[in-house]
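Inside the fold
Below, each chain spelled out in residue letters.
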Amino acid sequence: MNVVMIGAGYVGLVSGACFAEFGASVICIDKDAAKINALSDGNIPIYEPGLEDLVKRNTAAGRLVFSTELPEAVAQADLVFIAVGTPTRRGDGYADLKYVYAATEEIAAHLSGYTVIVDKSTVPVGTAREVHRIAKKTNPSADFDVASNPEFLREGSAISDFMRPDRVVLGVESERAEILLRELYRPLNLIESPVLVTDLESAELIKYAANAFLATKISFINEISQLCEKTGADVHAVAKGMGLDGRIGRKFLHAGPGYGGSCFPKDTVALIRMAQEHGVSSRIIEAVSEVNASQKARMVSKIRQALGGSEADKTIAVLGLTFKPETDDMRDSPSLAILPALVDKGAIIKAHDPEGMAEAKALLPHSIQYMDSIEAAVSGADAIVLMTEWNQYRGLDLAKTKSLMRGKVFVDLRNVYEPELMARHGFDYTCVGR
Ligand SMILES: NC(=O)c1ccc[n+]([C@@H]2O[C@H](COP(=O)([O-])OP(=O)(O)OC[C@H]3O[C@@H](n4cnc5c(N)ncnc54)[C@H](O)[C@@H]3O)[C@@H](O)[C@H]2O)c1
C-alpha cells in the first residue's frame with residue numbers, strides 16, 4: 001500500500017515511520033527542505049525516544065522515503081494523510097486551517113486513480129467536508145474520498161502510543177475508504193486495538209472532546225490543590241483516593257504548573273471557539289482554560305513567596321523547560337509563562353533541560369543562562385525550581401545539590417520529592433497542593 005504523509009513534524013514523522021513499520025510504502029513530504037535533507041541523511045530533527053532507530057530501520061528497508069516533491073508521490077498514493085500544523089489563529093483563537101487547505105489544493109491537483117485524503121491533523125468539525133469541497137473544486141474529475149483519522153499519540157511515548165493505541169478512530173463516508181484504512185491499520189488487529197468507525201463529524205469532535213476532557217482533569221486537580229494548601233490536605237492522597245475509583249481513573253490527576261504542549265492549550269481554545277460559532281455554551285472548557293492560566297500565575301507567586309517575597313537579584317536554578325519530559329517540544333510550556341514573569345522582577349535564571357534548551361533559547365528572555373549540567377545550574381543558586389519531571393531530576397543527589405547552592409529554597413512544581421525527605425536535607429521545600 002502506498003502512503004503519503006504531508007507534513008513531517010511530530011505527528012507526520014512518527015505516523016509515517018510507524019506505517020512503514022507496519023509494512024506500507026511511505027513517502028513523507030514536507031515543505032521545509034532543511035528538515036527533509038536532515039531526515040534523508042538520517043538526522044532526526046526532533047527528540048522522541050525510539051524514533052531514530054525506527055526511521056533508520058525503515059529507511060534502510062526502502063519503505064520510508066523523505067521528499068519535498070509532492071506531485072509524483074501523490075499520483076501513486078492509495079492514501080494521502082494531511083499531518084500539517086493547525087495552530088491557534090492569531091487574534092481569535094480559531095484553529096488556523098490555512099496549512100490544511102493549502103495542502104489540500106496541492107494534493108488535489110495531482111490525484112490519479114482512486115485515493116483517500118485523510119485528515120490526521122486536529123481539525124474543527126466540518127473540515128473534512130471543506131477539504132472535500134476544495135479538492136473537488138481544484139480537480140473536478142478526481143476519484144477520491146475524504147476521511148478523518150485523528151491522532152492520539154503523546155510526545156515522549158509517541159511510538160508505543162501509535163503501535164499500541166487505546167483505539168483507532170476512522171471517520172469515513174464510503175466503504176472504499178474504510179476498507180483501505182482498515183487494511184493500513186490491520187497489523188493492530190493482532191493486539192486487538194479497538195477500531196471505531198464513525199461519520200466525519202464525530203471523528204473530528206472525538207479528538208477535541210478527548211483533549212478537553214483530559215485538560216479538565218488537570219485543571220480540576222490543580223484547583224483542588226489550592227484547597228489542599230489552604231486546609232492542610234495532601235493533594236497526593238486526595239488524587240489517589242479519587243483515582244482509585246474506576247469511574248474516575250488515576251491518570252491526569254497530578255497537580256502541577258498547568259498543562260502546556262502543542263495540543264491541550266490550542267485545542268481547548270479551538271473547541272471554545274467552535275462552540276461559540278455554533279451558538280452553544282462551553283462553560284466547563286472555558287473554566288478549564290482560565291484555571292490553567294491562573295495556575296501558571298500562581299506558580300510565580302509560589303516561587304516569590306518561597307524566596308521571602310521578592311525574586312529580585314536572586315539566582316534561580318530552573319530544572320526543566322519543556323512542557324513534559326522526553327520531548328524537546330517547548331510549545332506553550334508553562335516555563336514560557338513563568339520564567340519571563342520572574343525575569344521581569346529581576347530574577348537571575350540559570351536553566352537546564354536535557355533536550356529543550358535549543359528550542360527554549362528562541363522563546364525565552366535573552367538574559368536566561370543555559371547550563372550544560374545540573375551541577376552548573378544549581379551552583380551558587382538561592383533557589384531551585386523543578387519545572388519538568390525529567391528522570392535526571394527525580395533522583396538528585398540531595399546532599400550534594402544542597403552543598404552546591406548558596407540558599408536552600410527548593411520549589412518542586414511537579415511534586416517529585418517528599419516534604420519530609422527535603423526537610424531532612426535542610427531544604428526550605430515548597431510543592432503544589434501539599
Ligand atoms: N504534536 C502532538 O503531540 C500531536 C498529537 C496529536 C495530534 N496532533 C495534531 O497533529 C497536527 C500536526 O502537529 P505536529 O505537532 O506534528 O506539527 P509540526 O508543526 O511539528 O509539523 C507540521 C509540519 O507540516 C509541514 N507543512 C506545513 N504545510 C505543509 C505543506 N503544505 N506541505 C508539506 N508540509 C507542510 C511543516 O513544515 C511542519 O514540518 C496538528 O493538527 C496537531 O494538533 C499533534
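The structure contained in this document is the topic of the report that follows. Everything numeric in this text was worked out from a predicted model, so none of it was measured. (Residues numbered from 1 in each chain as written. Predicted model: local features only at pLDDT ≥ 70, side-chain atom pairs only at ≥ 80, totals over all residues. Heavy atoms only, no water.)

Description of the packing of aromatic side chains
Aromatic ring pairs: the centre-centre distance and the angle between the two ring planes describe each pair. The final tally for this structure, using the stated rule, is twelve aromatic pairs. Taken together, a centroid distance of 6.1 Å and an interplanar angle of 45 degrees make the contact between Phe-252 and Phe-264 tilted. With Phe-252 in the loop between helix 10 (235-243) and helix 11 (264-277) and Phe-264 in helix 11, this pair connects stretches of sequence that are twelve residues apart. Between the aromatic rings of Tyr-259 and Phe-264, the centroid separation amounts to 6.0 Å while the plane-to-plane angle is 75 degrees, which identifies the pairing as edge-to-face. Given the relative accessible area of 13%, Phe-264 is considered buried. Linked through ring pairs, Phe-19, Phe-22, Phe-81, Phe-162 and Tyr-185 together constitute an aromatic cluster. Directly above the aromatic system of Phe-152 lies the positively charged group of Arg-167, at a separation of 3.6 Å from the ring centroid. When the ring centre of Tyr-114 is taken as reference, the NZ or CZ atom of Arg-176 above it lies at 3.6 Å. (Phe/Tyr/Trp six-rings, centres within 6.5 Å; stacked < 30°, edge-to-face > 60°. Helix = DSSP H or I, 4+ residues; strand = E, 2+ residues; numbered from the N terminus. Buried < 20%, exposed > 50% of the residue type's maximum accessible area, 1.4 Å probe, protein only. Lys NZ or Arg CZ within 6 Å of the ring centre and 35° of its normal.)

Regarding the site of the ligand
If you check the shell around the ligand, you find 25 residues, and the closest are Asp-30, Lys-35, Thr-86, Glu-155 and Lys-266. Backbone polar atom of Lys-31 to a nitrogen atom of the ligand: 3.3 Å apart, as the coordinates give it. For the ligand, the protein covers 89% of the area, taking 830 Å² as the surface of the free molecule. For the shell around the ligand, the elements supplying multiple residues, two or more each, are helix 1 (10-22) and helix 5 (98-109). Tallied by class, the residues present in the shell around the ligand amount to nine nonpolar, seven polar and nine charged. (Near = heavy atom within 4 Å. Polar contact = N/O pair within 3.5 Å; in protein donor to acceptor, adjacent residues only side chain to side chain. Areas by Shrake-Rupley, 256 points an atom, 1.4 Å probe, with all protein chains shown as cover. Nonpolar A, V, L, I, M, F, W, Y, C, P; charged D, E, K, R; others polar.)

Things to note about the sheet that holds strand 9 (residues 315-319)
Across a sheet, paired strands are connected by hydrogen bonds in the backbone, their directions being either parallel or antiparallel. Strand order across the open sheet formed by six strands is 11-10-9-12-13-14, with parallel pairing between neighbours. At either end of the open sheet lies a strand with only one pairing partner, and these are strand 11 (369-370) and strand 14 (428-430). Of the pairings in the sheet, the one linking strand 9 to strand 12 (residues 383-386) comprises four bridges and is parallel in character. Note that in strand 12 the partner of Leu-319 across the bridge is Leu-386. Packed onto the sheet, helix 12 (residues 283-306) meets strand 9, strand 12, strand 13 (409-412) and strand 14 and runs at close to 165 degrees relative to strand 13. (Pairing = 2+ DSSP bridges. Contact = heavy atoms within 4.5 Å. Axes fitted to C-alpha atoms, helices over the stretch in contact; angles between N-to-C directions.)

Considering the pairing of strand 13
Along strand 13, one buried face is formed by Val-409 and Val-411 and the opposite face, lined by Phe-410 and Asp-412, is buried too. Pairing geometry for strand 12 and strand 13, over four bridges, is parallel. Within strand 13, the position partnered with Leu-386 by the bridge is Asp-412. In the sheet, strand 13 pairs with strand 14 via three bridges, with the strands oriented parallel. Bridging across to strand 14, Phe-410 finds its partner in Tyr-429.

With respect to the packing of helix 9 (residues 200-231) against helix 10
The N-to-C vectors of helix 9 and helix 10 enclose an angle of 135 degrees; their axes lie 9 Å apart at closest approach. By the criterion of interaxial angle, the relationship of helix 9 to helix 10 is oblique. Crossing of helix 9 over helix 10 shows right-handed handedness. Here Phe-220, Ile-221, Ile-224, Ser-225 and Cys-228 of helix 9 lie close against helix 10, whose contacting residues are Val-235, Val-238, Ala-239 and Met-242. Each residue belonging to the contact of helix 9 with helix 10 can be placed in one class, and the counts come to eight nonpolar, one polar and no charged. (Parallel < 35°, antiparallel > 145°, perpendicular 65-115°, else oblique. Left-handed = near helix turned anticlockwise from the far one by under 90°.)

Re the nonpolar core
Ranked by size, the top nonpolar core spans 44 residues in total, and within it Phe-19, Leu-51, Leu-79 and Phe-81 carry the most contacts. With eight residues, helix 1 is the single largest residue contributor to this core. Residue contacts for Leu-79: discarding those within four places in its chain leaves Met-1, Asn-2, Val-3, Val-4, Thr-115, Val-116, Val-118, Leu-180, Leu-181 and Leu-184. Ranked by size, the runner-up nonpolar core spans 34 residues in total, among them Leu-253, Leu-339, Val-343 and Met-357. (Core = buried A, V, L, I, M, F, W, Y, C linked by side-chain atoms within 4.5 Å.)

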